[in-house]
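# Architecture and fold: a report
Now for the letters of each chain:
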Amino acid sequence: MRLTRTIPIERDKLTADVMEKIALGESVTAHCENIREYDNSRGNAIYVRKNRPRPDGNTYQIQTSNLNSTVTVTVTVTVVKPQS
C-alpha cells in the first residue's frame, strides 16, 4: 500500500494516528495493492470515524474507489443546524 498526502507519512498504513494528524482541508489517500489492504484501510477509517471523534469537533469524510482500490480520508467542518 502507498499513502499520499500533502506532507510525508512515515509508515504506509492508514492508522488512527495518521488520521488524527490530518488538518482541516488536508487528505490522505491509501493506494492499495490488493483487496486485503483495501478492506483493512476502509475498515480502519470507518472504525476511527465512529469510535474516535476529533477533539476539534470536525469529522472525517471517507471516499472509496473499488475501481482504483483507494481509500481517501479528509477532514471536514461539522455544521450544526440550529434547532427551531
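Before going into details, it helps to say that this report is about the structure given with it. (Residues numbered from 1 in each chain as written. Predicted model: local features only at pLDDT ≥ 70, side-chain atom pairs only at ≥ 80, totals over all residues. Heavy atoms only, no water.)

So, about the overall build of the protein. Check the secondary structure of the protein and you find two helices and four strands. Secondary structure elements in the protein, listed N-terminal to C-terminal, are β-α-β-α-β-β. Evaluated residue by residue, the protein yields a buried proportion of 35% over its 84 residues. Once local pairs closer than 6 in sequence are excluded, the contacts in the protein between residues at least 24 apart make up 53%. When the accessible area of the protein is evaluated, it comes to approximately 5900 Å², of which 48% is carbon and sulfur surface. (Helix = DSSP H or I, 4+ residues; strand = E, 2+ residues; numbered from the N terminus. Buried < 20%, exposed > 50% of the residue type's maximum accessible area, 1.4 Å probe, protein only. Contact = heavy atoms within 4.5 Å. Areas by Shrake-Rupley, 256 points an atom, 1.4 Å probe, with all protein chains shown as cover.)

A few words on unusual backbone geometry. The phi dihedral of S69 is positive, around 55 degrees, even though this residue is not glycine. Among the secondary structure elements, S69 is positioned in the loop between β3 (59–65) and β4 (70–76).

As enumerated under the stated definition, the model contains two salt bridges in all. When the shortest N-O distance is used, the salt bridge between D56 and R54 registers 3.1 Å. Since its relative accessible area comes to 45%, D56 is described here as partly exposed. (Salt bridge = Lys/Arg side-chain N within 4 Å of Asp/Glu carboxyl O.)

Looking at the secondary structure, you find G43 in helix α2 (residues 35–51). Residue G43 is classed as partly exposed on the basis of its relative accessible area of 34%. With 29 residues separating them along the chain, G43 and L14 place their C-alpha atoms 9.8 Å apart.

Before going further, it helps to spend a moment on the pairing of β4. Within β4, six of the seven residues are buried, which leaves it mostly tucked inside the rest of the structure. Bridging between strand β2 (residues 27–31) and β4 involves five bridges; their strand directions are antiparallel. Bridge pairing links T29 to T72 in β4. Judged from the seven bridges that link them, β3 and β4 form a sheet pairing that is antiparallel. Within the sheet, the bridge partner assigned to I62 lies in β4 and is V73. (Pairing = 2+ DSSP bridges.)

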